[in-house]
Amino acid sequence: MPSFNLSSSGFVFLIGYLLLGGFVVQLALVVFNSFRSAAHARAASSLALERLALDVRTARLRFDSVEQERSGWNGIRKFTVAKKIAECADTFSFHLTPHDRRPIPAFKPGQYLTFQLTLPGQAKPLVRCYSISDCARSTHYRVTIKRCPPPPKTEHPPGRGSSFFCDNIKEGDILDVKAPAGHFFLELEKEKAAVLISGGVGITPMIAMAHALIEARSTREVWFFFGSRGSEDHMLRAETLALTQKYPKLNLHICYSRPGKDDVIDRDFQHEGRVTVELMKSLLPSQNYNFYLCGPGAFMETITDDLRTWGVPDAAVHFEAFGPASVKKTAKPEAKAAFTAAPFAGGQLISFAKSGQTTSWSPAHATLLDAAEACGVRIEAGCRAGNCGACLVAIKSGEVEYLNDHGAEAEAGSCLACICKPKGALTIDA
Ligand SMILES: Cc1cc2nc3c(=O)[nH]c(=O)nc-3n(C[C@H](O)[C@H](O)[C@H](O)COP(=O)(O)OP(=O)(O)OC[C@H]3O[C@@H](n4cnc5c(N)ncnc54)[C@H](O)[C@@H]3O)c2cc1C
């Protein structure tokens, strides 16, 4: 066996060498590891920063789109009439695309657009509101407009704004439009079953509501009552009939008061006659629903009164009044009773300077506009909610108080007649 001869100093040197070598290796490892973990830490922190930046960008995008959706646009925006579609007698749908081709905000189903129309020979633009008759689309809004006929047994011309749309507006025209607005809308997040009740052109916000429920894949129970004379003036008819295939929980009841000779019951409509609360009582299991109404004035007054008698609380009844020839806001019975019992004494005389009329204020009038209409004084009106500014009228003397917040500006010395009432004797320039 070969001998291994090592001196003691050599042995000490060897041990020292090995120990030092181990130490150097250990040190190198420590240095390497710390470099590695520093690199790791650097990589991890730069990843976290990137993630944070991404989150900030996503949040910003979300914020922008929520903001865009929420606020729409300020003032007037130009829209091009991309399509004009004849729906039924004297009724057209208009598809409106933004002229600037930028995104259009979503809206709540039931809301309307406000148009500033430049009519030939008119110095002042005519302001009119039209409900959006479709669910939110990224490309366009749709409104459906029926020519407003003259009041029965009068020689008055038909409505100016609606006739202008029906006769003059054509594809390619550019319109001045204010952003979607209005407090009459269906809250899609709510689960309570809903009853949509409409007559004639009042179908427009209801169709938007039904489409929105379909788009949202809602499973909410919905009853849809619609009334017109017959199929020839049932606007958006094919679309209404198709709703039940797309929304199984929708119970559609079409009532024709004077069905045409080709209108077949149970195929084209379900009931001969008008939409009534009696009909609802015979079909609905209870009155525990949210009711949404839109239609001619008399129709809405009857339905709201009958719903109240049926025990439906006012808070569950939502309605939209369509313009001057349409509904008067139904004064609550308490207000009517108060007026009959104790009419306002003397002071609150309203004078209309231009027309030379006077009347006294009563709590049965919901607003100054109502008081004017009740005595035959015409004040332009659009939304009847203080948004469109059409009813702005100069105050000659006296003061008013507002019943609600208003979106439209009311300059000093003028008032928005649709949402105010006099504070005392008042003279306005109407
Ligand atoms: C929120 C909202 C949403 C609406 N949505 C829709 C919709 O989706 N579709 C739709 O078609 N409509 C809708 N409307 C109604 C619409 O805004 C207009 O009110 C309607 O088109 C009538 O306006 P006009 O300019 O055509 O009529 P106007 O010119 O204002 O005339 C109104 C009525 O007065 C009569 N009249 C004319 N001259 C006189 C006179 N000297 N004295 C007495 N009466 C006279 C006219 O014959 C007509 O019957 C909506 C209204 C509101 C407030």
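A brief look at the structure comes next. Since this is a predicted model, take the numbers as computed values, not measurements. (Residues numbered from 1 in each chain as written. Predicted model: local features only at pLDDT ≥ 70, side-chain atom pairs only at ≥ 80, totals over all residues. Heavy atoms only, no water.)

## Some details on the overall build of the protein chain
Moving on, step 1. Along the backbone of the protein chain there are eight helices and 19 strands.
Moving on, step 2. Sorting the 430 residues of the protein chain into buried and exposed places 42% on the buried side.
Moving on, step 3. Of the contacts made within the protein chain by residues no fewer than 6 positions apart, 65% connect residues no fewer than 24 positions apart. (Helix = DSSP H or I, 4+ residues; strand = E, 2+ residues; numbered from the N terminus. Buried < 20%, exposed > 50% of the residue type's maximum accessible area, 1.4 Å probe, protein only. Contact = heavy atoms within 4.5 Å.)

## Brief notes about helix α2 (residues 160–168)
Moving on, step 1. Turning to α2, its buried residues number three or more, namely Gly161, Ser162, Ser163, Phe164, Phe165 and Cys166.
Moving on, step 2. Structurally, α2 contributes buried residues whose contacts are with β1 (76–88), β2 (91–98), β3 (112–117), β4 (126–131), β5 (141–146) and β6 (174–181).

## Here's the deal with the sheet that holds strand β7 (residues 194–199)
Moving on, step 1. The parallel open sheet is built from six strands, whose spatial order is β10-β9-β8-β7-β11-β12. Single-partner strands in this sheet number two, and they are β10 (271–272) and β12 (317–320).
Moving on, step 2. Bridge count between β7 and strand β8 (residues 222–228): six bridges; the pairing is parallel. Considered in β8, the bridge of Ile197 is made with Phe225.
Moving on, step 3. Of the strands in this sheet, β8 and β9 (250–256) are in contact with helix α4 (residues 237–246), which crosses β9 at around 145°. (Pairing = 2+ DSSP bridges. Axes fitted to C-alpha atoms, helices over the stretch in contact; angles between N-to-C directions.)

## Digging into the nonpolar core
Moving on, step 1. Membership of the largest hydrophobic core comes to 26 residues, with the highest contact counts inside it found for Leu196, Met206, Met209, Phe224, Leu243, Leu250 and Tyr292.
Moving on, step 2. Those elements giving two or more residues to this core turn out to be β7, α3 (203–215), β8, β9 and β11 (290–294).
Moving on, step 3. Broken down by element, this core gets its largest block of residues, seven residues, from α3.
Moving on, step 4. Setting aside residues up to four positions removed in sequence, Leu196 forms contacts with Met206, Met209, Ala210, Val222, Trp223, Phe224, Phe225 and Tyr292.
Moving on, step 5. Grouped together as the second largest cluster of nonpolar side chains are 25 residues, Trp73, Phe94, Val143 and Ala179 included. (Core = buried A, V, L, I, M, F, W, Y, C linked by side-chain atoms within 4.5 Å.)

## Remarks on the packing of aromatic side chains
Moving on, step 1. Counting across every chain of the model gives 14 aromatic pairs.
Moving on, step 2. Between Trp73 and Phe79, the ring centres sit 5.4 Å apart and the planes meet at 35°, which makes this aromatic pair tilted.
Moving on, step 3. A connected cluster of aromatic rings, assembled from ring pairs, spans Phe92, Phe94, Phe115, Tyr130 and Phe165.
Moving on, step 4. Over the ring of Trp73 we find Arg77, and its NZ or CZ is 5.0 Å from the ring centre.
Moving on, step 5. The positively charged end of Lys84 is found above the aromatic ring belonging to Phe92, 4.6 Å away from the centroid. (Phe/Tyr/Trp six-rings, centres within 6.5 Å; stacked < 30°, edge-to-face > 60°. Lys NZ or Arg CZ within 6 Å of the ring centre and 35° of its normal.)

## Quick notes on the site of the ligand
Moving on, step 1. In the vicinity of the ligand there are 29 residues, among which Arg128, Cys129, Pro149, Pro157 and Ser162 approach most closely.
Moving on, step 2. Take Tyr130: an N or O atom from its side chain is 2.8 Å from an oxygen atom of the ligand.
Moving on, step 3. A distance of 3.3 Å separates a nitrogen atom of the ligand from a polar side-chain atom of His156.
Moving on, step 4. Computed on the free molecule, the ligand has an accessible area of 980 Å², of which 89% lies beneath the protein chains in the complex.
Moving on, step 5. Within the residue set of the shell around the ligand, elements represented by two or more residues are β4, β5 and α2. (Near = heavy atom within 4 Å. Polar contact = N/O pair within 3.5 Å; in protein donor to acceptor, adjacent residues only side chain to side chain. Areas by Shrake-Rupley, 256 points an atom, 1.4 Å probe, with all protein chains shown as cover.)

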